Amino acid sequence: MIRLTGANFFHKVNPVKRSVRDDYPEEQDENPLRGNWALKADYMLSVIGFTVGLGNLWRFPYLVYKNGGGAFLIPYAIMMTFAGFPLVFLESALGQFTSLGPLDVWKVVPILQELLCNVSLPTGGYIIIKNKTCENPITSKSSSEIYWDEEVLHRSPSISHTGRLISNLVLCLFLAWILIFVTVARGIKHSGKVAYFLVTYPYLGLILLLIRGATLEGANYGVQFYIGGNSNISKLADIQVWKDAASQTFFSLSAALGGLMSLSSYNIFHNDCYSDSITICVIDSLSSILAGFAIFTVLGHLAHDIQIPISHVTYSGFGLAFIICPEAIFHLPFSPVWSIIFFSTFIILGLTSEIVLVEVIITTLEDKFPKMLRTKRMQVSAGVCIVLFFSGLLLATQAGIYWINLLDEFCSGWGLPIIALFELIGINWIYGVNNFISDIEMMCGVKCILFRYWWKACWVLITPGILTLMLVWSTVFPTGMTYGSIAYPLWSSLIGCLVIIFCFVWIPIIAILEVKFAEGSNFLQRFRSSFKPAADWGPFLKQHRTKRYELQEDPKMSRLRALIGKVFDVKSRN
């Protein structure tokens, strides 16, 4: 059995001289139909690039300050253990076990097979910001805020005023999709190699910013403000702090987007996805903490330089990334250089996550229509990027920032937790947590008895319970939609609700169709059949279909048998 650990991290992921590979040359992929990662490092860097994104840079540092400083790390670590890590491990194991994308893996529970396919996730462009020189300090409206609103966004008064398309934003959106197309068009091996630069560069940028910021006067105030002696342990009694920790853990790992399943589906069957999942969660958490130190050392210098309290220069979300950080960087020596480092890091963090989301769509299409699309990777990639480019044009209007904020609130705040809850219920309550753990042990080897008890507790009770409490809390204590001081009209919130309804209304519709066409002579038999795994559920390759999968037909053999049957049928007619 192959075990991929740190010792062979940079070795070929293809196992050496295994008897099950006698049907094709050793230098080829284990799965020649879909392909595999060339190196284990390609996979790990791609997953890290997907999980570590903009939320780590602009959301985590603010939440640490808002929720008690260093004390916030306690609920964050707990939620990472009981909510984040279980979801990462579940999705990684599911994709690797089946070697299928996020749609076809749901052959395990056919009634949920369209779960991820019909959830529309908003995509948008990534904006390149120029560092504008200005002598004005931060007042009621800083120079960076004026530049952001008037020169970059040309922001309209509200979401009700769509305005015109902003040519600079459309150009940046177009360039972003060109870069994404070039990365994904040549397949998973090419995108894996690109990940070496796209993933390592942001860390280099953050480390350089941290080193420079730590040498500046006033940096210690920023560190104390972020995670220092001002930590407020009493905040742990506030349930909102725990809710923020759970949501940040969930979103920073990019769970329920299908990316983890897609990337892990290109692993070899006996890859140790359990150790990989631990590594991914640890690196994601450390990346968030690193980003916080890099940003708050610079903000501490800004507050000291212009003689105002650091609390007056702290924003969340877009304000932190596009208003406060540019203002802080302006006060650094050689500010144009640091501006290039910061914004290039910011852009690449966004691109790495977006590349994997596009890969999810492409993988799903290729798995759904393998004969038609698997040999046309370039055309499929171009078609997906073109469609998504045009779908993002609304976000490049004068009201685009309001729409980004709205879609982020409803699709991320509601859609993704619901998808994750369906995943946990489908795999562990319907398919069976014992069956799934047995599948994992087929790949990674038999674990101790505590392994089975731990994951039964997490996947069946603890993680679903945390997600349910998040949704209930958001329902009972809703917050009004605002962008800064601008409130959203009622109709915009109704549109957000309609988007969620449109995404999930397909689940009962598809479920009814699955029951209608399922095997069985009556409704009850068909209903039960729709909850049972499909005949070709399980490992993709025949040599891996052992134990209870030995009696099932391999999907490739099933298609080959059907093709041979058609040939003989035509000959008999002639």
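Within any chain, residue numbers begin from 1 and follow the written order of that chain's sequence. Only residues with pLDDT of at least 70 are given local features in this predicted model, and only at 80 or more are side-chain atom pairs given and counted; all residues enter the totals for whole chains, interfaces and linings. In computing side-chain properties, one takes all heavy atoms of the structure into account and sets aside hydrogens as well as water.

## Quick word on a nonpolar patch on the surface
Step number 1: To count toward a patch, a residue needs a relative accessible area above 30% and no salt bridge. Like charges then connect within 9 Å, nonpolar side chains (Val, Leu, Ile, Met, Phe, Trp, Tyr) within 5 Å. Using a 1.4 Å probe, accessible areas were evaluated by the Shrake-Rupley method; residue-level cover was limited to the displayed protein chains. Any Lys or Arg side-chain nitrogen located within 4 Å of an Asp or Glu carboxyl oxygen qualifies as a salt bridge. Together, L498, I501, F502, V505, W506, I509, L513 and F517 make up an exposed nonpolar region whose accessible area comes to about 780 Å².
Step number 2: If one sorts the elements of the nonpolar patch by residue count, helix α19 (residues 506–517) sits on top with four residues.
Step number 3: Among the structural elements, I509 can be located in helix α19. What counts as a helix is a DSSP run of H or I of at least four residues, what counts as a strand is a run of E of at least two, and both are numbered from the N terminus.

## Some words on unusual backbone geometry
Step number 1: Even without being glycine, S99 reaches a positive phi, approximately 55°.
Step number 2: Within the fold, S99 resides in the loop between α4 (73–98) and α5 (143–152).
Step number 3: Only protein chains enter the accessibility calculation, which uses a 1.4 Å probe. A residue is then buried if its area is under 20% of the maximum for its type, exposed if over 50%, and partly exposed in between. Residue class for S99 comes out buried when judged on its relative accessible area of 7%.
Step number 4: We note that S254 has phi near 55°; this positive angle belongs to a residue other than glycine.
Step number 5: By the element assignment, S254 lies in the loop between α9 (239–252) and α10 (259–264).

## Section: the packing of aromatic side chains
Within a pair of aromatic rings, the relevant descriptors are the distance that separates the centres and the angle that separates the planes.
Step number 1: Two rings belonging to Phe, Tyr or Trp (six-membered ring only in the last case) form a pair when the distance between their centres is within 6.5 Å. Interplanar angles under 30 degrees mark stacking, angles over 60 mark edge-to-face geometry, and anything in between is tilted. Summed over all chains, the structure comprises 39 aromatic pairs.
Step number 2: Ring geometry for W37 and Y266: centres 6.3 Å apart, planes at 80°, overall edge-to-face. Taken as a pair, W37 in the segment before α1 (40–51) and Y266 in the loop between α10 and α11 (273–306) lie far apart in primary sequence, 229 residues in all. Each member of the pair W37 and Y266 is classed as buried.
Step number 3: Within the aromatic cluster, the residues linked to one another by ring pairs are F82, F85, F89, Y274, F436, F451, W454, W455 and W459.
Step number 4: Here, a charge over a ring means that NZ of Lys or CZ of Arg falls within 6 Å of the ring centre while also lying within 35 degrees of the ring normal. The ring of Y266 has R34 sitting right over it, with the charged end atom 4.6 Å from the ring centre.

## Overview of helix α7 (residues 188–214)
Step number 1: One less than the number of residues in a helix, times 1.5 Å, gives the span that helix is expected to have. Spanning 27 residues, α7 covers 39 Å between terminal C-alpha atoms, matching the ideal 39 Å at 1.5 Å per step.
Step number 2: A bend of about 35° at V194 is the largest found in α7. The angle between axes fitted to the seven residues ending at a residue and the seven residues starting there is what we call the bend at that residue.

## A closer look at the confidence of the model for the chain
Step number 1: The predictor attaches a confidence to each residue, called pLDDT, with possible values from 0 through 100. Residues of the chain with pLDDT of at least 70 account for 84%, and the chain-wide mean is 81.
Step number 2: By mean pLDDT, helix α21 (residues 555–573) is the weakest element of the chain at 46, and α4 is the strongest at 94.
Step number 3: Residue contacts are defined here by distance: any two heavy atoms, one from each residue, within 4.5 Å place the two residues in contact. Considering only residues more than four positions removed or in separate chains, one finds that residues 1–27, a stretch of pLDDT under 50, has 58 contacts.
Step number 4: Between residues 553–565, whose pLDDT stays under 50, and residues either more than four places distant or in other chains, the model counts 19 contacts.

## Quick word on the nonpolar core
Step number 1: In this description, a nonpolar core means a group of buried Ala, Val, Leu, Ile, Met, Phe, Trp, Tyr and Cys residues linked to one another through side-chain atoms lying within 4.5 Å. In this structure, F89, F436 and W459 are the most contacted members of the largest nonpolar core, which totals 139 residues.
Step number 2: With residues near it in sequence (within four places) discarded, F89 still touches C273, Y274, S277, I440, F451, W455 and W459.
Step number 3: Among the nonpolar cores identified, the runner-up in size contains 19 residues, and L173, I348, I362 and F389 belong to it.

## What to know about the environment of V52
Step number 1: Structurally, V52 is set in the loop between α1 and α2 (54–58).
Step number 2: What makes V52 buried here is its relative accessible area of 7%.
Step number 3: In this structure the C-alpha to C-alpha distance between V52 and L286, which are 234 residues apart in sequence, comes to 10.0 Å.
Step number 4: In this structure V52 touches Y203, S252, D284, S287, L349, T352 and S353, once residues within four positions along its chain are discounted.

## Quick word on the packing of α1 against helix α13 (residues 335–368)
In a pair of packed helices, the angle between the axes and the distance between the axes together describe the arrangement.
Step number 1: Running from N to C, α1 and α13 cross one another at 110°; their axes reach a closest spacing of 7 Å. Comparing their axes, α13 and α1 come out roughly perpendicular. On the side of α1, the interface is formed by S46, G49 and F50, while α13 contributes T352, S353, V356 and L357. Axis lines are fitted to C-alpha atoms, over the contacting stretch for helices. Their N-to-C directions set the angle, which ranges from 0 to 180 degrees. Here the angle decides the label: under 35 degrees means roughly parallel, over 145 means roughly antiparallel, 65 to 115 means roughly perpendicular, and every other value means oblique.

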